[in-house]
Amino acid sequence: MELHKKEIIKATVPALEEHGTTITTVFYQNMFKKHPDLLNMFNQTNQKVGDQPKALAFTVLQAARHIDDLEAIVPAVIGIAHKHRALNVKPEHYPIVGENLLEGIKEVLGDAATPEIMDAWEEYYGEIAQIFIDVEAGMYKEAEWDGFVPFKVTGKDQLSDDIVRYTVKSDEVDFDVRAGQYITVKVDPSDYPYEALRHYSICSIHTEEGLQFAVKKEGTDDTAGVVSHHMHDDVQVGDTLELSAPAGDFLLDPADEKLLFIAGGVGATPVMAMIEEAIEAGKDPKFIYSVQNKGMHPFKDEMQEFGERIDVKVKYSDDEGFLNHEDFEGLQDRSVYICGSMHFMNAMIKVLHEVGFSEDNIHFEPFGPKMSLVGE
Ligand code: HEM
């Protein structure tokens, strides 16, 4: 991109960031009016709540900070690209997003939106889109299968008051999963106007008896929960679910020898698979788990079995309070993998820093609307 175009982008970003919400509103309204089929791909619950609409447009704006070296955004692109691949976002979708995003930008800039400025934004969007398309092309090549494939539900276990584990099997595909990955389910609830896609973490690396993932029942009002309620209430053993191939970049680094896993609530799901992987690799991880009370506690039997081989500590916050400094003393030499809600992770990361864990040794995966990993 020519220098003067980069200067135009840099000069217009602050105003656009300030009116980011207008951009996202115009973008989504226009895009869905012209392409109503995309309502089936985007999480309409998050649309209402407002997190995801911001994420896409703000990422485009924030990436402008790296406009002199756009390749620098690739590491940040990878997590999003995994999600795109899991949702079946394809290269032909990028111009649609681009066109409508540019309309949002044009509306915010108003009279200031000269052809020169709009031209610079179009070129810049094209460059970012190409980075995503290239990264995603590699992921499509490596995916265990293409698109969505039917799986039969062979097991449904109530793991806690609000978490169910599904076991599903397919005759069509043979595959491996890695600890920390998620699958994406496509459902069509009868009382919901669209199809819906949701990501759910895989809870075991063993797939001989079927692929296992866990779903938490979320929310009670109509701003959340449509899909997880459908899963809990309507999807039964013998039904069919469409799944896209495992995805995600929250994976164990095989070079990490000394491990500490920390999970909160349903955040135990990917961590259960990671602990299996670590134990089977001959490592001796420690696991610290926080959950509200016994009723909310999933994977009780599995955690007890782990407890016979490794050090497992479960803390019920109703009785014993939240995890804090003394829970992590003496473990500072371990690589940490954390999974839980955004709030849980932020709290843990703060405590770990205060106890002296190094930033480089902390890996985390947020669960919640922002990442939509557990869906609603
Ligand atoms: C999710 C960025 C293009 C569909 C996201 C997220 C970001 C993002 C930051 C949130 C990720 C997260 O929650 O972890 C971008 C950027 C794009 C782009 C910067 C262009 C350069 C597209 C395109 C499509 C698409 C072309 C398809 C039409 C989605 C969907 C989600 C998503 C469906 C998940 C939203 C949900 O949960 O409802 N994207 N994206 N994105 N993106 Fe993109």
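Quick caveat: nothing in here was measured; it's all calculated off a predicted structure. Sequence order as written defines residue numbering, which begins from 1 separately in each chain. Where local features are concerned, this predicted model is filtered to residues with pLDDT of at least 70; where side-chain atom pairs are given and counted, the filter is 80 or more; whole-chain, interface and lining totals use all residues. Working from all heavy atoms in the structure, the side-chain values ignore hydrogens and water.

Under the DSSP-based scheme used, a helix requires at least four consecutive residues in state H or I and a strand at least two consecutive residues in state E, with every element numbered from the N terminus. For the protein, the helix and strand inventory stands at 13 helices and 11 strands. The globule rule used here is 2.2 Å times the number of residues to the 0.38 power, and the radius of gyration it is set against is calculated over C-alpha atoms. Here the C-alpha radius of gyration of the protein, 22 Å, is about what a compact globule of 376 residues would show, namely 21 Å. Across its three principal axes, the protein shows a C-alpha extent of roughly 70 × 50 × 40 Å. Across the 376 residues of the protein, 53% fall into the buried class. The contacts of the protein with a sequence gap of at least 6 include a subset with a gap of at least 24, amounting to 75%. Partly exposed describes any residue whose relative accessible area lies between the buried limit of under 20% and the exposed limit of over 50%, with all areas from a 1.4 Å probe on protein chains only and scaled to the type maximum. Two residues form a contact once any of their heavy atoms are found within 4.5 Å.

What follows concerns the sheet that holds strand β3 (residues 182-187). Strand pairing is defined by DSSP finding a minimum of two bridges between the two strands. As summarised here, the arrangement of the 6 strands in space is β4-β3-β6-β1-β2-β5, forming an open sheet in which the pairing is antiparallel. Of all strands in the sheet, those with a lone pairing partner are β4 (196-201) and β5 (211-216), marking the two edges. On average, adjacent strands in this sheet sit at an angle of 40 degrees to one another, irrespective of strand direction. Across 4 bridges, β3 lies against strand β6 (residues 240-247) in antiparallel orientation. The axes used here are C-alpha line fits, helices contributing only the stretch in contact, and every angle between their N-to-C directions lies in the interval 0 to 180 degrees.

A few words now on the pattern of salt bridges. Between Lys or Arg on one side and Asp or Glu on the other, a salt bridge is scored when a side-chain nitrogen of the former is within 4 Å of a carboxyl oxygen of the latter. Throughout the structure, instances matching the rule amount to 15 salt bridges. Where aspartate 157 meets arginine 165, a salt bridge forms, and the shortest distance between an N and an O atom there is 3.4 Å. Lysine 286 is the partner of aspartate 311 in a salt bridge, and the nearest nitrogen-oxygen pair spans 3.1 Å. On the criterion of sequence distance, the pair formed by aspartate 311 in strand β9 (residues 311-316) and lysine 286 in strand β8 (residues 286-291) is long-range, its members being 25 residues apart. Judged by relative accessible area, lysine 286 falls into the partly exposed class, the value being 23%.

By the secondary structure assignment, isoleucine 338 is in strand β10 (residues 335-341). Its relative accessible area of 0% is what places isoleucine 338 among the buried residues. Setting aside residues up to four positions removed in sequence, isoleucine 338 forms contacts with Phe250, Ile262, Phe344, Met345, Met348, Ile349, Leu352, Ile362, His363, Phe364 and Glu365.

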